[in-house]
Amino acid sequence: MKKTARHRNETGKRIAKYFLCMFLAGCMAVSALGAGTVAVSGAKKDTKTNNTTEEKEDKYPYLIQVNKGTNVVTVYSKDEKGNYKVPEKAFVCSTGVDTPVGTFKTPNKFRWQPLMNEVWGQYCTQISGNYLFHSVYYDSQNPADVNIRAYNLLGTTASHGCIRLTCGDAKWIYDNCALGTTVKIINGTSKNDPLGKPKAMKISTGWDPTDPNPENPWHNQRLKITYTGPKSVEYNSKLKDLSSYVTVQDICGTTVSKKKYLTVKGSVNTKKLGSYKITYTAKDKMGKVTTKQCTIQVKDTKKPILNGVDTVTVERNGTFDKMKGVSAVMVSGKKLKKSKIKVTGASVNTSVVGTYTLTYSVVGTNHKKRTKVRKVKVVDTKKPVIQNVTDKVLIGTSDVLSEEEKIAQIQSDVLSQIKIKDNSVEVTNPASWTTVEVVKTTENVYSVVVTAKDKAGNQSQVTVQYTLQFN
């Protein structure tokens, strides 16, 4: 806010009045009590007593650090050695460019205090001179008249030099930090904020949510439960702890402990399809209850599974049933009727060696379609079987025949008798599959080697003995 001449004049008058009050109060105190604490008009008195127990109590349990660089106030308590090194609380604040850096002792407190530009602050604790801890300013001395814009600037550099806080945080300092408490103001970074920076709440009404005033309408607000989890999950999937799917915040938007305030009723069985109701209940310190009910559905949204449609090899002239061993199920385990499975592609002719392609498809109960291509390989790996070729005495052969003619006669006899089966089917022209090799071993005795070879290159061999007997 811009300082006008009128405001500077009024500020000067207030400062003069302030020092006059201090002077008069000091005179009165010295006159009445001899020596003691100076009483300041509008300030909270810091009165000493003769109680021995109270004198032993720590008068200054806290040190307050203000970080101009991050607009964060951190309250430290003492460690075992009496040093202020234990971070206790963190407040979001608004400092100003003119906020002084240094170490100060708080001299005065004011319940309501007029500020520059005819605005007011609650729970004011003086740091030094005109610089105070105080609530976000009010446009009048009315707790329902907090300046909304200034409140929503908390966490940024926005003041004229004072330390603006929420009403609740200003009151905490006012109530818990005695006059004389040390205040350190630094221009640091987030590394100087051991508790981090609290989230600054945004408001749209004239009441500070943290104001303890019993008329504050925020007091009627309950803890807020926000569900961030899934509406549905996949069958047989893994779920996190159900409490991890919600956040619980107080009226200031600060996340509170779910372990302390939240209960969860209900469970989800991902191995069973269906809808599951989960009830989240948050109970605040005042006993006010907030309930949120959510439904999580366990669904099977994946394509069905086709079984038994892997590549298969069939021997030539064997049998092949395209539906044998084939089935379809949903991922959730529900079996689908075999009639739902459709097969397209060329028919498989097992009498002809080659690779055949079939396409299987099925539509699940969730309308998802699964398609799978199957290869059927017809092969010929069996040797042909030679039949009707045995050791034999060939009678009636003329001894006047030449050796070549005798061998030709043996070959002709073998080929006229031979039978060949290929893959259990008798060959119609076995001679075309056969070679006959005849070798004379002794007089009129011959070794006969019969070889049969099929179109796939498979071959079998039989060795017999032929004896020639002449008439």
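Keep in mind that what you see is a predicted model, and the values were worked out from it rather than measured.

Basis of the calculations
Residues numbered from 1 in each chain as written. Predicted model: local features only at pLDDT ≥ 70, side-chain atom pairs only at ≥ 80, totals over all residues. Heavy atoms only, no water. Buried < 20%, exposed > 50% of the residue type's maximum accessible area, 1.4 Å probe, protein only. Helix = DSSP H or I, 4+ residues; strand = E, 2+ residues; numbered from the N terminus. Pairing = 2+ DSSP bridges. Phe/Tyr/Trp six-rings, centres within 6.5 Å; stacked < 30°, edge-to-face > 60°. pLDDT = per-residue confidence, 0-100. Contact = heavy atoms within 4.5 Å. Axes fitted to C-alpha atoms, helices over the stretch in contact; angles between N-to-C directions.

With 6 of 7 residues buried, strand 2 (residues 72-78) is to be regarded as a mostly interior element. With 6 bridges joining them, strand 1 (residues 62-67) and strand 2 adopt antiparallel strand pairing. Across the sheet, the residue bridging to Tyr62 is Ser77, located in strand 2. Here 7 bridges tie strand 2 to strand 3 (residues 84-92), and the two strands are oriented antiparallel to one another. Residue Val73 lies in a different strand from strand 3, and its bridge partner there is Phe91. In textbook terms, the turn of a hairpin is the stretch between consecutive antiparallel strands, and for strand 2 and strand 3 this stretch comprises 5 residues, one of which, Gly82, has a positive phi near 85 degrees.

Per the stated rule, a full pass over the model turns up 6 aromatic pairs. Relative to Tyr138, the ring of Trp112 has its centre 5.3 Å away and its plane inclined at 70 degrees; by these criteria the two rings are edge-to-face. Taken together, the residues span a long stretch of sequence, with Trp112 in strand 5 (residues 109-115) and Tyr138 in the loop between strand 7 (131-135) and helix 3 (148-151) at a distance of 26 residues. Residue Trp112 shares its accessibility class with Tyr138, and that shared class is buried.

Once that is clear, we can look at the confidence of the model for the protein chain. Mean pLDDT for the protein chain: 87, with 87% of residues reaching 70 or above. Residue range residues 1-55 is modelled with pLDDT below 50. Its contacts to residues more than four positions away, or to other chains, number 50 contacts.

Across the sheet, which stays open at both edges, the 4 strands sit in the order 5-6-7-8 with mixed pairing between neighbours. The open sheet has two edge strands with one neighbour each: strand 5 and strand 8 (163-165). With direction set aside, neighbouring strand axes in the sheet form an average angle of 40 degrees. Pairing of strand 6 (residues 119-128) with strand 7, which is carried by 3 bridges, proceeds in the antiparallel orientation. Paired with Ser128 across the bridge in strand 7 is Tyr131. The strands that helix 4 (residues 167-176) touches are strand 5, strand 6, strand 7 and strand 8; relative to strand 6, the one it contacts most, it runs at about 40 degrees.

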